[in-house]
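This is what each chain is made of:
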Amino acid sequence: MIKKYGFLLVLPFIAALVTLAVKFSLGPYWLGRTSDPAYFHLVQSLYLFKGVAPFHIVHPAAPLMALIVLVVKLFNPWAPVPELLAQALSNPEFYLNSVYWVLFTASFLSFILVGVYAFRRTASRTFALFFQVPAFLYLALPGHGWFILASVTAEMGLVPAINLFFMCLIKIYANHKAAASLRSALLFALACAFGLALKITFLAALIVPLFLLKGRKVQCFFVGSVAVLFGLFLFPVWGRMELIVWTVVGLVTSSGPLGSGTHNGFIAWDGMWNNAGVLFRDQWAVCAVFVVGALWSGWRLARRSGSREERIILVLCLAAGVHFLMIIKHGTYRYFQLDLALAGAVMAFLTRSLAAAGWWRVRWSAILLVVVVLLSGVQGVGQAYDLNGWRKKKLEFLERIRARYPQDVILGYYPSSGQGNALFVANDIRNGRVLGDELNRLYPGRFFFASWNYRVSDFKDVVYLSDIQKLSAGVYFQGDCAFRFEQGPYRVTRVEEDDGECLFRLDSSLEPRALAEWSRAKTAWNRDDFSGACLAAKKSLASRFYPPALPRQMIRRACGQK
């Protein structure tokens, strides 16, 4: 067995080593932007232990949350919920690493399995190896390329789903009768529903089985199975179904937090050319694979000399094109994952088609494989080297500010480096703060700055900065250097900076003035002086400081009666 299939262990083994190099170069999950989304998934998954559906479901990543719950429970099988939550929140890095190793094992085992299955069905070594190439293509992504394989993300959970999808595709290719089989439709539905429950953009992949499965009965069975299984996989987030729908609608109509801005419609016409240019520039080789595949297949089919390979290539290119249009609104590299995977499949079928037509030699496929693996692997190693330097600079920056300001209060804001800040942001999504009491008990005396609404708070409640100033001689903000403090109530001075993360000293605050105006507004309201209440309330809000439990209805009524 090893002698026959051993060559299929080589690429996954090398890719796994490079992936681990990238993972360990990142450092702890709470370091800077790497806390998103690892900490988000962990904290939001813990909501389920309190009977509350997670708020962070934009992916929606429901199977990943179910896995996190399972891992936490396995380490604390008999612990009551309060103790279980305390264990998970006091040592989040341990549980995130435990989940990561499950995802890592499943991902690279799936690369081995898809290669073995492809070789068994076709007896072609290069054909089988091309289905393992995406393990390297993922590593070659610039910027947040580490996102797919080196962190606890929905993208990493998507890897086994994509490889199961490819195994279904290979089954239909190797046995044309399988295209009319309900069993094939069910396996395709399982892979598609699982992928959809992780990433809504996986919807583009459904084009492939809809075109390849034969017979209306089989196609309808596939669609129905996807709907049922998708609903089952979404079980952890059933309580937020309206939020999932609202998020998708927001993307389509440009009305949600992920779809707002100047872009109109699902395809961002005014920004798509810039995003497309960036992706084409950095991923030109992958885009060229789809262009060549589509032209070759279209030409062959137009001459009525096309075979199953050409039809499959054309469908894969169509799915990749639709997916490209779905993600172009944001143009983020990690969203390119499905296209990278489909590129590996297109290369597998394209080289086989070219060889059958006499335009390609088998040894050229081996050369292409070596080139792709070497170039992608070198980029992955380079990324690990760059991230290692980034991690060291981040940790040195933290040590420096801790040594220089040991007695001062430092308010972290996204994406500042710190475990407490990572937990705060993950718990503060949509003002949920379900675990606020537990976090305050575990980490007493911690305060943070919510940059999205200019509020200072602990893990649960808004607090007054004037009260915090009594605890320390100085107050500082730590986070993104590009954040615009001048639009809020605080006036600051930059005192430390390193690689996009800065420390700002608080010089003054409009908070006292805002509170004084708010007190006048409430006094005027109680005296039925609605005009005075409206004026004072507007002055309070003009400072961008929002007092806790702000009764907005009172403002509307007061200003309405003015």
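Note that the coordinates shown come from a computational prediction; the quantities given were computed from them, not determined experimentally. (Residues numbered from 1 in each chain as written. Predicted model: local features only at pLDDT ≥ 70, side-chain atom pairs only at ≥ 80, totals over all residues. Heavy atoms only, no water.)

Undergrad: Help me understand empty space enclosed by the protein in this model?
TA: The gaps left among the atoms become clear once a water-sized probe is rolled over them. As enumerated under the stated definition, the model contains two cavities of 30 Å³ or more in all. Taken as a whole, the largest cavity encloses approximately 60 Å³ of empty space. Lining the largest cavity are Glu155, Leu158, Lys199, Thr201, Phe202, His323, Arg334, Tyr335, Gln337 and Leu338. Secondary structure elements with two or more residues in the lining of the largest cavity: α9 (154-174) and α17 (337-356). Each residue belonging to the lining of the largest cavity can be placed in one class, and the counts come to four nonpolar, three polar and three charged. Approximately 40 Å³ is the volume found for the second largest cavity. For the second largest cavity, the full set of lining residues is Lys23, Leu26, Gly27, Pro28, Tyr29, Thr34, Ala150 and Ser151. (1 Å grid on protein atoms, 1.4 Å probe; cavity = no way out; pocket = protein on both sides within 12 Å on 5 of 7 lines; lining within 4 Å. Points joined across faces, edges and corners; volume = space filled by probe spheres on them. Helix = DSSP H or I, 4+ residues; strand = E, 2+ residues; numbered from the N terminus. Nonpolar A, V, L, I, M, F, W, Y, C, P; charged D, E, K, R; others polar.)

Undergrad: Any chance you could explain the environment of Pro28 here in plain terms?
TA: Position of Pro28 among the secondary structure elements: in the loop between α2 (10-26) and α3 (35-46). Those residues in contact with Pro28, other than ones at most four positions away along the chain, are Thr34 and Glu93. (Contact = heavy atoms within 4.5 Å.)

Undergrad: Where do I start with a nonpolar patch on the surface in this structure?
TA: Side chains of Val10, Phe13, Ile14 and Leu17 sit close together on the surface and give an oily, nonpolar patch of about 370 Å² of accessible area. With respect to the helices, strands and loops of the structure, Ile14 is situated in helix α2. (Patch = residues over 30% accessible without salt bridge, like charges linked within 9 Å, V, L, I, M, F, W, Y side chains within 5 Å. Areas by Shrake-Rupley, 256 points an atom, 1.4 Å probe, with all protein chains shown as cover. Salt bridge = Lys/Arg side-chain N within 4 Å of Asp/Glu carboxyl O.)

Undergrad: What is the right way to read the pattern of salt bridges from this model?
TA: Between side chains of opposite charge, a pair can form when the charged atoms approach closely. With the rule as written, the count across this model stands at 13 salt bridges. The residue Arg400 makes a salt bridge to Asp498 at a minimum N-O spacing of 3.9 Å. Here the residue Arg400 occupies a position in helix α18 (residues 362-404), and Asp498 occupies one in strand β5 (residues 490-498), the gap between them amounting to 98 residues. We note a salt bridge from Asp507 to Arg505, for which the minimum N-O separation is 3.3 Å. Look at the salt bridges and you will find they share partners, linking Arg400, Arg404, Glu496 and Asp498 into a network.

Undergrad: Even after reading the chapter, I still don't get helix α10 (residues 182-198), so can you show me in this structure?
TA: Because each turn of an α-helix spans 3.6 residues, side chains separated by three or four positions in sequence point in the same direction. Counted at 1.5 Å a residue, the expected span for α10 with its 17 residues is 24 Å, and the 24 Å between its end C-alpha atoms agrees. Here α10 has its buried residues at Ser184, Ala185, Phe188, Ala189, Ala191, Cys192, Ala193, Gly195, Leu196, Ala197 and Leu198. The secondary structure elements touched by the buried residues of α10 are α4 (62-75), α9, α11 (207-212) and α12 (216-233). Backbone nitrogen of Arg183 and a side-chain oxygen of the N-cap are separated by 3.1 Å at the start of α10; the cap is Ser181. (Expected span 1.5 Å × (residues − 1). Buried < 20%, exposed > 50% of the residue type's maximum accessible area, 1.4 Å probe, protein only. Polar contact = N/O pair within 3.5 Å; in protein donor to acceptor, adjacent residues only side chain to side chain.)

Undergrad: How do you make sense of the packing of α10 against α12 when you look at a structure like this?
TA: Describing two packed helices takes the angle between their axes plus the distance from one axis to the other. For the pair α10 and α12, the least separation of the axes is 8 Å and the interaxial angle reads 35°. α12 is crossed by α10, and the crossing has right-handed handedness. Between α10 and α12, the residues in contact are Leu182, Ala185, Leu186, Phe188, Ala189, Leu190, Cys192, Ala193, Phe194, Leu196 and Ala197 and Lys217, Val218, Phe221, Phe222, Ser225, Val226, Leu229, Phe230 and Phe233, respectively. Per-class residue counts for the contact of α10 with α12 are 18 nonpolar, one polar and one charged. (Axes fitted to C-alpha atoms, helices over the stretch in contact; angles between N-to-C directions. Left-handed = near helix turned anticlockwise from the far one by under 90°.)

Undergrad: What's the story with the side chain of Ser184 in this structure? I'm lost.
TA: Of note, Ser184 is situated in helix α10. If near-sequence neighbours (up to four positions away) are discounted, Ser184 is found in contact with Lys171 and Ala178.

Undergrad: Can you help me understand the confidence of the model for the protein in this one?
TA: Per-residue confidence for the protein averages 87 on the pLDDT scale, and 89% of its residues sit at or above 70. The secondary structure element of the protein with the lowest average pLDDT is helix α24 (residues 552-560), at 63, and the one with the highest is helix α6 (residues 92-122), at 97. Note on residues 255-267: pLDDT under 50 across the span, and 35 contacts to partners over four residues away in sequence or across chains. (pLDDT = per-residue confidence, 0-100.)

Undergrad: Can you walk me through the nonpolar core in this structure?
TA: Generally speaking, a soluble globular protein has its nonpolar side chains buried in company with each other. Residues Phe131 and Phe166 are the most contacted members of the largest nonpolar core, which totals 150 residues. Tallying contributions element by element places α9 first for this core, with 13 residues. Discounting chain neighbours no more than four positions away, the residues touching Phe166 are Val114, Phe131, Ala341, Leu342 and Ala345. (Core = buried A, V, L, I, M, F, W, Y, C linked by side-chain atoms within 4.5 Å.)

Undergrad: Honestly, the packing of helix α15 (residues 284-302) against helix α16 (residues 308-327) in this entry has me stumped. Any pointers?
TA: Between α15 and α16, whose axes approach to 9 Å, the crossing angle comes to 135°. When the axes of α15 and α16 are compared, the pair comes out oblique. In terms of crossing hand, the pair formed by α15 and α16 is left-handed. For the pair α15 and α16, contact is made by Phe290, Gly293, Ala294, Trp296, Ser297, Gly298, Arg300 and Leu301 and by Glu310, Arg311, Ile313, Leu314, Cys317 and Ala320, respectively. (Parallel < 35°, antiparallel > 145°, perpendicular 65-115°, else oblique.)

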